[in-house]
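Residue-level listing of the chains:
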Amino acid sequence: MIELRNVTRHFGPVTVLEGISLAAEEGAFLALLGPSGCGKSTLLRIIAGLDRPNSGEVLIGGRDVSGLTAAQRNIAMVFQSYALYPHLTVAENIALPLAMRGQTRLERSILGGLMPSAVAKRAAQGTRVREIATQMSIEPLLDRKPSQLSGGQKQRVAVARALVRDPSIFLLDEPLSNLDAKLRVQMRAEIVALNRRIGRTFIHVTHDQAEAMAMADKVAVMLAGKIAQFGTPRELYETPVSKDVAAFVGTHPINFTAPATPEALPAGFRLPAGIAPRGTKVVIGIRPEHLTPSADGGVMGRLVHLEYQGAEMLLDVRLEDGSTVRALAPGDWQAAATGEEVRLGFAPQNLHIFDATSGGRLRLEGYGRDGVGSVS
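If you're wondering where the values come from, they're calculated on a predicted model, not measured in any experiment. (Residues numbered from 1 in each chain as written. Predicted model: local features only at pLDDT ≥ 70, side-chain atom pairs only at ≥ 80, totals over all residues. Heavy atoms only, no water.)

**Describing the overall build of the chain**
Now for step 1: Per the secondary structure count, the chain includes nine helices and 18 strands.
Now for step 2: Expressed as a percentage of its 376 residues, the buried residues of the chain come to 48%.
Now for step 3: For the chain, the proportion of contacts with a sequence separation of at least 24, taken over those separated by at least 6, is 61%.
Now for step 4: Entry remark: accessible area of the chain is about 17700 Å², with carbon and sulfur atoms responsible for 53%. (Helix = DSSP H or I, 4+ residues; strand = E, 2+ residues; numbered from the N terminus. Buried < 20%, exposed > 50% of the residue type's maximum accessible area, 1.4 Å probe, protein only. Contact = heavy atoms within 4.5 Å. Areas by Shrake-Rupley, 256 points an atom, 1.4 Å probe, with all protein chains shown as cover.)

Spelled out as structure tokens, the structure:
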């Protein structure tokens, strides 16, 4: 288990991380999700021991490791660039952590390499390298140099190098960002399968919310150096705690109405009077996949743009108040012509209602996936 307690990091006057607290159970797959500059990579470096917090604690297995070096933490890290040594073969790259940890400086030298102890250690390392290479399906590549590998092969070698010394925690810093879309999907599945197979904790940093949602058991959404929400992918998608989280999570950007009192919202989105305190302005959020063409839908507008994507169509519809919403239709929908009137419908439980001032989610009876009451 890994636990962070109130971790803060400053660089001069700039606060990069502010009071970060979270925990991941043994064997869990945790994603740190956020835009560039939100502090997620800095947090990963602190967990790895490559950086130190100004305050707070990092605990692994209940032990405070904040004062330990990276080498003392038994943590493996897979970088975005893979960080493979170009002059070494695949086998030598994979074996490097074993050599650095298991051989003395003398045994790693040219002359010392002839010592019986060095020969025996290299043989044991070779056995371990072949074992891991078989697990990662890269055994035929062991004699190649990194320049002779594809992007996916380099990724597997980087993971194998991390796996070879049996670390307690795997840290992955945007390791899939250099791959093409099809290979990214394949590698996502392989990394999740590896996590399930070896039962170690994985912490994965990404700015790609689809990647985080598909791979992780729990996701920490990081915005401006803080954890905006920590929960399962389903919790983040169905009940975002704030307008900012709702805007960041989801395959298609969520639609938001302009701030208005419930009774002054655009037609089709108006809420009953008295549902919020008098004078309170709210913002309605509805995801495009939950706003679809419907003959009796309450949202009316004119089609201004249509984007055909095979299995689905993205519709941009201008409402009567001049605002534009994005909706989703099945790929076989009999599309209206640009400029024609369309009606859109939605299920009330798919509405997200936020306080216009604080951005916090409003918990209102009968709307959304919420209970009764107050701003959350």
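**A look at the sheet that holds strand β5 (residues 63-64)**
Now for step 1: One open sheet holds the four strands; their spatial order is β2-β1-β4-β5, and the pairing between them is antiparallel. Two strands close off the open sheet at either side, each with one partner strand: β2 (14-24) and β5.
Now for step 2: Here strand β1 (residues 2-11) runs beside β2; their pairing, made up of seven bridges, is antiparallel. Bridged to His10 within β2 is Thr15. (Pairing = 2+ DSSP bridges.)

**Re the pairing of strand β12 (residues 282-286)**
Now for step 1: The buried count for β12 comes to five of five residues, which makes it a mostly enclosed element.
Now for step 2: Of the two faces of β12, the one carrying Val282, Ile284 and Ile286 and the one carrying Val283 and Gly285 are both buried.
Now for step 3: With two bridges joining them, strand β11 (residues 255-256) and β12 adopt antiparallel strand pairing. Across the sheet, residue Phe256 finds its bridge partner in β12, namely Gly285.

**Details of the pattern of salt bridges**
Now for step 1: Within the structure shown, the criterion is met by 10 salt bridges.
Now for step 2: Note that Arg128 is salt-bridged to Glu131, the shortest N-O span being 2.7 Å. With Arg128 and Glu131 both in helix α4 (residues 116-135) and three residues apart, this pair spans about one turn of that helix.
Now for step 3: For Glu131, a relative accessible area of 40% corresponds to the partly exposed category.
Now for step 4: Across the salt bridge formed by Asp217 and Arg196, the nearest N and O atoms sit 3.1 Å from each other. Within this pair, whereas Asp217 is found in the loop between α7 (209-215) and β9 (218-223), its partner Arg196 is found in helix α6 (residues 181-198), the two being separated by 21 residues in sequence. (Salt bridge = Lys/Arg side-chain N within 4 Å of Asp/Glu carboxyl O.)

**Topic: α6**
Residues separated by three or four positions in an α-helix point in the same direction, a consequence of the helix having 3.6 residues per turn.
Now for step 1: For α6, built from 18 residues, the straight-helix expectation of 26 Å at 1.5 Å per residue is met to within 8% by its first-to-last C-alpha distance of 26 Å.
Now for step 2: Those residues of α6 that sit buried are Leu183, Met187, Arg188, Ile191, Val192, Leu194 and Asn195. One side of α6 carries all its buried residues, which in axial view fall inside an arc of 165°.
Now for step 3: As for α6, its buried residues are in contact with β3 (29-33), α5 (151-163), β7 (169-173), β8 (201-206) and α7.
Now for step 4: Its side-chain oxygen at 3.2 Å from the backbone nitrogen of Lys182, Asp180 defines the N-terminal cap of α6. (Expected span 1.5 Å × (residues − 1). Arc of directions from axis to C-beta. Polar contact = N/O pair within 3.5 Å; in protein donor to acceptor, adjacent residues only side chain to side chain.)

**Describing the packing of α5 against α6**
Now for step 1: At a closest axis distance of 11 Å, the pairing of α5 and α6 adopts a crossing angle of 15°. Between α5 and α6, the angle falls in the class roughly parallel. When the axes of α5 and α6 are compared, the crossing they make is right-handed. Within the contact between the two elements, α5 uses Gly151, Gly152, Gln155, Arg156, Val159 and Leu163 and α6 uses Leu183, Gln186, Met187, Glu190, Leu194 and Ile198. (Axes fitted to C-alpha atoms, helices over the stretch in contact; angles between N-to-C directions. Parallel < 35°, antiparallel > 145°, perpendicular 65-115°, else oblique. Left-handed = near helix turned anticlockwise from the far one by under 90°.)

**What to know about the side chain of His352**
Now for step 1: Tracing the backbone through its elements, the reader meets His352 in strand β18 (residues 352-355).
Now for step 2: A polar contact of 3.1 Å, which involves the side chain of His352, links it to the side chain of Arg361.

**Remarks on the nonpolar core**
Now for step 1: Core analysis: the largest hydrophobic core is formed by 45 residues, its most contacted members being Ile94, Ile138, Val219 and Val221.
Now for step 2: If one sorts the elements of this core by residue count, α5 sits on top with six residues.
Now for step 3: Aside from chain neighbours lying at most four places away, what touches Val221 is Leu33, Lys226, Ile227, Ala228, Gln229, Leu236, Val245, Phe248 and Val249.
Now for step 4: Membership of the second largest hydrophobic core comes to 28 residues, among which are Val16, Leu32, Ile47 and Val205. (Core = buried A, V, L, I, M, F, W, Y, C linked by side-chain atoms within 4.5 Å.)

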